[in-house]
Amino acid sequence: MLTPLKLAAQNSVMLSDPISCSHYCITVLASYIADTPKAMMLACIGRQTSPVTMAMYKQFGDAFQHKPQTQSKTLKQLEIVCSHAHPDDLKDFFHEVQKFRLNGVDKPFWWDWLLAEPSQFFMPESLHHIHKEFWYHDAQWIILAVGAPEIDF
């Protein structure tokens, strides 16, 4: 299903703009909206690890930004894992991927997509984050300020 888009990213395709001028274009994987668990799965990242940075859960509150989770880094880690264990040997393969905090997907959909960088194309699911912001910050402050009996949820 993604093959035509990947081929257009590698070879470019001729497209016309709204005023009928032709341009060579490439298809860049610019955005993929996913909640955190799905983004982790698609980025090949294991539990409690950021899908867009090299940070793990103990480092989420750090005052600096961690290095990005890049295509080349993930694919290099998968190459090392595959040199030690075949993906069909689930027990050994899973043991090896855990050393790199990967989840066991041996070939992500973006592995051969030119310029596809997980740290750049994964976008947060806005509604999910807005809801969490409201409930864990705003609503809790209001409940504390006026008292739980005054709030009718």
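The preceding data block contains the structure.
A brief report on the enclosed structure follows. The shown structure was predicted, so the numbers you read here are calculated from the model rather than taken from an experiment. (Residues numbered from 1 in each chain as written. Predicted model: local features only at pLDDT ≥ 70, side-chain atom pairs only at ≥ 80, totals over all residues. Heavy atoms only, no water.)

A few points about the environment of Lys38
Within the fold, Lys38 resides in helix α2 (residues 36-42). On the basis of relative accessible area, Lys38 is assigned to the partly exposed category, the value being 39%. Along the sequence, Lys38 and Phe122 sit 84 residues apart, while their C-alpha atoms lie 10.0 Å from each other. (Helix = DSSP H or I, 4+ residues; strand = E, 2+ residues; numbered from the N terminus. Buried < 20%, exposed > 50% of the residue type's maximum accessible area, 1.4 Å probe, protein only.)

Some words on the pairing of strand β1 (residues 13-16)
Two elements, β1 and strand β2 (residues 22-25), share four bridges in a ladder whose sense is antiparallel. When the sheet's bridge partners are listed, Leu15 is paired in β2 with His23. Hairpin connection between β1 and β2: a loop of five residues separates the two successive antiparallel strands, and Ser20 in this loop has a positive phi of roughly 70 degrees. (Pairing = 2+ DSSP bridges.)

Quick look at helix α1 (residues 3-11)
Along α1, the residues classified as buried are Lys6, Ala8 and Ala9. Around the axis of α1, the buried residues are gathered within 160 degrees of arc, so they sit on the same side. Exposed positions of α1 whose direction lies more than 90 degrees from the buried face are Pro4 and Asn11. Looking at the buried positions of α1, the neighbouring elements they touch are β1 and β2. Remark: Ser12 follows α1 within two positions and exhibits a positive phi of approximately 65 degrees. (Arc of directions from axis to C-beta. Contact = heavy atoms within 4.5 Å.)

Some thoughts on helix α3 (residues 71-84)
Its 14 residues give α3 an end-to-end C-alpha distance of 20 Å, which sits within 8% of 20 Å, the value for a rise of 1.5 Å per residue. Of all the residues in α3, the buried ones are Gln71, Thr74, Gln77, Leu78 and Val81. Seen end-on, α3 carries its buried residues on one side only, within an arc spanning 140 degrees. Exposed positions of α3 whose direction lies more than 90 degrees from the buried face are Ser72, Glu79 and Ser83. Against α4 (90-98) and α5 (118-121) lie the buried residues of α3. (Expected span 1.5 Å × (residues − 1).)

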